[in-house]
2 protein chains.
Amino acid sequence: MLIVKKFGGTSVANKERIYNVANRCVEEYKKGNDVVVVLSAMGKYTDELITMAEDINEKPPKREMDMLFTIGEQMSVSLMAMALDKLGVPAVSLNAFQVSMHTTSVHGNARLKRIDTERIRRELENRKIVVVTGFQGINKYDDYTTLGRGGSDTTAVALAAALHADACEIYTDVDGVYTADPRKVPNARKLKEITYDEMLDLATLGAGVLHNRSVEMAKKYGVPLVVRSSLNNSEGTVVKEEVTVERMLISGVALDTDAVRIAVIGLRDVPGVAFKLFDVLAKKHINVDVILQSIGRAGTKDISFTVDGKDLDDAMAALEEHKIRLGYQELHAERNIAKLSIVGAGMMSNPGVAAKMFESLYNEGVNINMISTSEIRVTVLINEKDGVRAMNAVHDAFNLAD
Amino acid sequence: MLIVKKFGGTSVANKERIYNVANRCVEEYKKGNDVVVVLSAMGKYTDELITMAEDINEKPPKREMDMLFTIGEQMSVSLMAMALDKLGVPAVSLNAFQVSMHTTSVHGNARLKRIDTERIRRELENRKIVVVTGFQGINKYDDYTTLGRGGSDTTAVALAAALHADACEIYTDVDGVYTADPRKVPNARKLKEITYDEMLDLATLGAGVLHNRSVEMAKKYGVPLVVRSSLNNSEGTVVKEEVTVERMLISGVALDTDAVRIAVIGLRDVPGVAFKLFDVLAKKHINVDVILQSIGRAGTKDISFTVDGKDLDDAMAALEEHKIRLGYQELHAERNIAKLSIVGAGMMSNPGVAAKMFESLYNEGVNINMISTSEIRVTVLINEKDGVRAMNAVHDAFNLAD
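Since this is a predicted model, take the numbers as computed values, not measurements. (Residues numbered from 1 in each chain as written. Chains lettered and ligands numbered in written order. Predicted model: local features only at pLDDT ≥ 70, side-chain atom pairs only at ≥ 80, totals over all residues. Heavy atoms only, no water.)

### Thoughts on the sheet that holds strand β13 (residues 252-256) of chain B
Within a sheet, neighbouring strands are paired by backbone hydrogen bonds and run either parallel or antiparallel to one another. All names here are of chain B. Convention followed: Here, strands pair whenever DSSP counts at least two bridges between them. Helix and strand assignments follow DSSP, with helices taken as H or I runs no shorter than four residues and strands as E runs no shorter than two, numbered in order from the N terminus. Orientation is described by axes fitted as lines to C-alpha atoms, over the contacting stretch for helices, and by angles from 0 to 180 degrees between their N-to-C directions. Working rule for contacts: check all heavy atoms of both residues, and any pair within 4.5 Å makes them a contact.
Pairing in this open sheet of 4 strands is antiparallel, and the strands run β13-β18-β20-β19 from one edge to the other. Among the strands making up the open sheet, the edge pair consists of β13 and β19 (370-374). Looking at each pair of strands side by side, their axes are set apart by 20° on average, direction ignored. In this sheet, strand β20 (residues 377-383) lies alongside β19 in antiparallel orientation, the contact comprising 5 bridges. Bridging across to β20, Ile371 finds its partner in Val380. Each of β18 (337-343), β19 and β20 touches helix α12 (residues 353-363); the most contacted strand, β20, lies at about 20° to it. Most of the contacts of helix α13 (residues 387-397) go to β13, to which it runs at about 170°, and overall it touches β13, β18 and β20.

Here it is, written out as structure tokens:
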């Protein structure tokens, strides 16, 4: 069997944890399996690099930022290979140049395009554990790129797909996917299985366990994912196409407090306005989420939408730059909001799921600002201060507790 | 003009020094010149990486050590590019993969073989300052290698040669080449010019200003070198084929306290013994310096030689491993020795230079253990405790003072 294992920054934050990971890999290796390990930068090292860069230049060029970022994973993988050597198992660390992790050109938010597996296969044939840098790639100019937040998950899934791995295990500091974030909902329950689609909505909606691109890619290539803890041996959660156990109405409740809402007031009510507005944002690579359009005063319309908090400044700047062309009157940003979502493949065949969610929020006295739905998801925008309380209320209403 | 500038670790040790270097480069750039900057890792960062590695594995594999080392220069170059951007000058940082710095395969002590200059030329044509990682290369397996101590000097000279640069400036924490180390010989004098050959002997002999391979390469390709300070604007020392000023009997006195002496006692006195002995060391890539062979007891012979202190353990291990095949009786290592050398192209045409050196040591009561000479150099092995005193005595004897 060929197993890809991905460990995040907290799992390799110090010597003891590095050896904990090394031992788990050796265990797998000694079963006779081929092992590919994908690592993130150690602990908070990426944050340290940001601090270092911003001390030099408060707005560092993104191309150079990626050049700096990539040393974080290179440090992790070389130290891991040294630990494996110490445990008597041959290992080799590889960076994005050595694996040829081809990506798109955008710095800070590139997408994987193609992976050359030749080098990895050769090392596996020589019975080495192959330790690969997550998060990083190279673009067509031979420059380093990074895959954005949680990018190491994507690296692991992409490698599993390219190598036709038998399993892709994502190790985190939680031991699986829960019906809600256990830090916020104390009686949340661990799921044994979840579908790609549900996971995708949970990832997108801020559950934070897996990077959404990694789930998209896993779904696309049918890579079976396991989310489990690096600190214990509990079974974890399997992410796959069809769930075979415990078919429930909804699988989880997610709260995202990173989102901000931008309101564009008094747009001319003519065709093409929405297109122009979102085109401006798309050109800056800003993802827009929940969108609401409403009739404004005197033949105008208002458009509100949410973006990730980190993109707020860029989005506002882009909209202000094009104020005349877009023809709006006012621009507002609202930071104190939260997105609360329920996700479940079961809701497709069960009407009344949304109504039940709204009822529980009404009973809790939580005001709903915006609503957005998909086939397997209902999302509401609420005040940030109501977030955790609302999440628990909805979690209870659907009987998700242990 | 195309200028290659190399700055060592102390020159980029913190934000202020990074900006000091950046400003010097911008100054050059604004004259209309093309600027390529070669950097080492910041301050003592390489030592920190060694500590980090040895905490994980006290004998880390050299291949992984190089993988870890190379992040040091990558950090320097990306931060420098950010500083240049902040100063309003376009810049791009490049690592050994991006420049294609091809080297031999030996980890920790590789030699440069070939540099692809295409990428650098393209960036220069776009009027960017190009910031290149020193010290590192890639071998034919696409693995990182490092060039050994002072390797960034070699990177700079090799780039200057490959790019047909008009000058190669090596910036250090001293402002040129002195007749002796000014920290040990207070009245040492700065040289305006020195020949490659003299510099080569000084570099090899522990003057520590330039890496010997970089001087060899500069001589081979006729690259004019300037050694100068990164902290002031003093003129520095030019290293070139022929010196045109101040033709002196000797150019400098060098003291090397890093060397250790190994004595191999009681070798069989048969042909091929010396070959076998040094072959064992060559296979481990250990450089051997001053060699002395003498008649031992009862049809045996003794061979003594010096190696660099860092190679002592490897050398002793290799010799012990082959004890039976080499057929010696005892092996001794002597750490408390120093190599004192005088260097000067002038001595070729002036007999009596060596005698004058020996006389001054005799007057100072310094005992000589071994002697080795070349056309432009005389080296003696003395006790380490006599080193600085002997150096000053010889410096005075040749009237090298200010």
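After that view, the rundown keeps rolling.
### Some remarks on the pairing of strand β6 (residues 129-133) of chain B
All names here are of chain B. Note the cut-off: The rule is simple: take the accessible area with a 1.4 Å probe, protein chains only, and divide by the maximum for that residue type; under 20% is buried, over 50% is exposed, in between is partly exposed.
Of all the 5 residues making up β6, 5 are buried; the element is thus mostly covered by neighbouring parts of the structure. Along β6, one buried face is formed by Ile129, Val131 and Thr133 and the opposite face, lined by Val130 and Val132, is buried too. Pairing between strand β2 (residues 34-39) and β6: 4 bridges, direction parallel. Looking at β6, one finds that Val36 is bridged to Val130. The sheet contact formed by strand β3 (residues 91-94) and β6 spans 4 bridges and is parallel. Paired with Ser93 across the two strands is Val131, which belongs to β6.

### Topic: the interface of chain A and chain B
Here is the rule we go by: Summed over both partners, buried area is the accessible surface (1.4 Å probe) that two parts give up on being assembled. Note on definitions: salt bridges are taken to be side-chain nitrogens of Lys or Arg within 4 Å of carboxyl oxygens of Asp or Glu. Here a polar contact means two N or O atoms within 3.5 Å. Within protein one must be a hydrogen donor candidate and the other an acceptor candidate, and residues neighboring in sequence count only if both atoms are side-chain atoms.
On the chain B side, the residues contacting the 43 residues of chain A number 43 residues. For the pair chain A and chain B, the summed buried area comes to about 3,400 Å², and 58% of that belongs to carbon and sulfur atoms. The three residues of chain A that bury the most area against chain B are A:Ile56, A:Met67 and A:Met82, which together make up 20% of that side's buried surface. For the pair chain A and chain B, the number of links is 6 salt bridges. At the junction of chain A with chain B, the criterion picks out 27 residue pairs in polar contact (both at pLDDT 80 or more). Counting residues per element, the ones that place at least two in the side of chain A that touches chain B are α1 (15-30), α2 (45-56), α3 (62-86), β3 (91-94) and α4 (96-99) of chain A.

### Side note on the UniProt feature "binding site: ATP" (unreviewed entry) in chain A
All names here are of chain A. Operational definition: UniProt positions are given in the numbering used here, feature names are shortened, and annotations may be inferred rather than shown by experiment.
The UniProt entry lists Lys6, Phe7, Gly8, Gly9, Thr172, Asp173, Tyr178 and Arg183 under the feature "binding site: ATP" (unreviewed entry), expressed in the numbering used here. Over a stretch of 178 residues, the named residues are scattered through the fold, their C-alpha atoms separated by up to 23.0 Å. In this structure, Gly8 sits in the loop between β1 (2-7) and α1. The contact partners of Gly8, leaving out residues within four places of it in the chain, are Ser40 and Tyr171.

### Regarding the packing of α2(A) against α3(A)
Residue and element names in this part refer to chain A. Which entries qualify depends on this criterion: Roughly parallel means an angle under 35 degrees; roughly antiparallel, over 145; roughly perpendicular, 65 to 115; everything else is oblique. Each crossing gets its handedness from the near helix: less than a right angle anticlockwise from the far helix is left-handed, clockwise is right-handed.
Interaxial distance between α2 and α3 falls to 10 Å at its minimum, and their mutual angle equals 150°. Looking at the two axes, α2 sits roughly antiparallel to α3. Judged by the sense of rotation from one axis to the other, the crossing of α2 with α3 is right-handed. Contacts between α2 and α3 involve Tyr45, Thr46, Leu49, Ile50 and Ala53 from the former and Met65, Leu68, Phe69, Ile71, Gly72 and Met75 from the latter.

### As for the UniProt feature "binding site: substrate" (unreviewed entry) in chain A
All names here are of chain A. UniProt's feature table lists "binding site: substrate" (unreviewed entry) at Thr46 and Glu73, given in the numbering used throughout. In sequence the annotated residues extend across 28 residues, while in space they remain close, none of their C-alpha pairs exceeding 9.0 Å. Assignment of secondary structure puts Thr46 in helix α2. Aside from chain neighbours lying at most four places away, what touches Thr46 is Ala41 and Phe69.

### Here's the deal with α2(A)
Keep this limit in mind: For a helix, the expected span equals 1.5 Å multiplied by the number of residues minus one. In this description, the arc belongs to the directions extending from the helix axis to the C-beta atoms.
Taking 1.5 Å per residue, 12 residues should reach 16 Å; α2(A) reaches 17 Å between its end C-alpha atoms and fits that length. Among the residues of α2(A), A:Tyr45, A:Leu49, A:Ala53 and A:Ile56 are the ones counted as buried. Within α2(A), the buried residues cover an arc of 80° as seen down the axis, which keeps them to one side. If you follow the buried residues of α2(A), they end up packed against α3 of chain A together with α1 (15-30), α2 (45-56) and α3 (62-86) of chain B.

### Examining the side chain of B:Asp311
Residue placement: B:Asp311 occurs in the loop between β16 (300-308) and α10 (312-321). The residues contacting B:Asp311, other than those within four sequence positions of it, are B:Ile286 and B:Asn287.

### Quick word on the sheet that holds strand β19 (residues 370-374) of chain A
Residues and elements named next belong to chain A. Read from one edge to the other, the open sheet built from 4 strands follows the order β13-β18-β20-β19, with strand pairing classed as antiparallel. Two strands close off the open sheet at either side, each with one partner strand: β13 (252-256) and β19. Taken over all neighbouring pairs, the strand axes of this sheet differ in orientation by 20° on average, direction set aside. Note that strand β18 (residues 337-343) and strand β20 (residues 377-383) share 7 bridges and pair antiparallel. Bridge assignment links Leu340 to a residue of β20, and that residue is Val380. Where helix α7 (residues 196-204) meets the sheet, it contacts β13, β18, β19 and β20, and its direction lies at approximately 170° from that of β18. The sheet strands contacting helix α13 (residues 387-397) are β13, β18 and β20, and the helix crosses β13 at an angle near 170°.

### A closer look at the side chain of B:Arg63
Residue placement: B:Arg63 occurs in helix α3. At 2.9 Å, the side chain of B:Arg63 forms a polar contact with the side chain of B:Glu64. If near-sequence neighbours (up to four positions away) are discounted, B:Arg63 is found in contact with A:Val92, A:Ser93, A:Leu94, A:Gln98, A:Arg119, B:His107 and B:Asp143.

### Comments concerning the packing of aromatic side chains
Applicable threshold: Aromatic rings from Phe, Tyr and Trp, with only the six-membered ring used for Trp, were paired whenever their centres fell within 6.5 Å, and each pair was classed as stacked if the ring planes differed by under 30 degrees, edge-to-face if by over 60, and tilted otherwise. Geometrically, a charge over a ring is one whose NZ (Lys) or CZ (Arg) sits within 6 Å of the ring centre while staying within 35 degrees of the ring normal.
Tallied over the full model, the rule gives 9 aromatic pairs over all chains. Centre to centre, the rings of A:Phe97 and B:Phe97 are 4.9 Å apart; their planes meet at 10°, and the pair counts as stacked. Of this pair, A:Phe97 sits in helix α4 while B:Phe97 sits in helix α4 (residues 96-99), each in a different chain. A:Phe97 gets classed as buried once you look at its relative accessible area, which sits at 7%. Ring plane angle 70° and centroid distance 5.3 Å describe the contact between A:Phe278 and A:Phe305, whose orientation is recorded as edge-to-face. Remark: A:Phe305 occurs in strand β16 (residues 300-308) and A:Phe278 occurs in helix α9 (residues 273-283); sequence separation between them is 27 residues. Of the two residues examined, A:Phe278 and A:Phe305, each falls in the buried class. In textbook terms, an aromatic cluster arises when at least three aromatic residues are bridged by ring pairs, as seen for A:Phe97, A:Tyr144, B:Phe97 and B:Tyr144. Cation over ring: A:Arg127 sits above A:Tyr29, and NZ or CZ is 4.0 Å from the ring centre.

### A short note on the environment of A:Met101
All names here are of chain A. Structurally, the position occupied by Met101 is in strand β4 (residues 101-103). For Met101, a relative accessible area of 0% puts it in the buried group. Taking the C-alpha atoms as reference, Met101 lies 28 Å from Asp314; in sequence the two are 213 residues apart.

### Observations concerning the relation of the copies chain A and chain B
Inclusion rule: When the copies are superposed, the least-squares fit draws on C-alpha atoms of residues that have pLDDT of at least 70 in both.
Mapping chain A onto chain B leaves a residual RMSD of 0.2 Å; the transformation is a rotation of 180° accompanied by 0.0 Å of translation along its axis. The operation mapping one copy onto its partner corresponds to a two-fold rotation axis. Across chain A, the rotation axis passes nearest the C-alpha of A:Ile71, at a separation of 2.6 Å. Mapped onto chain B, 100% of the interface residues of chain A again fall at the interface, so both copies present the same surface.

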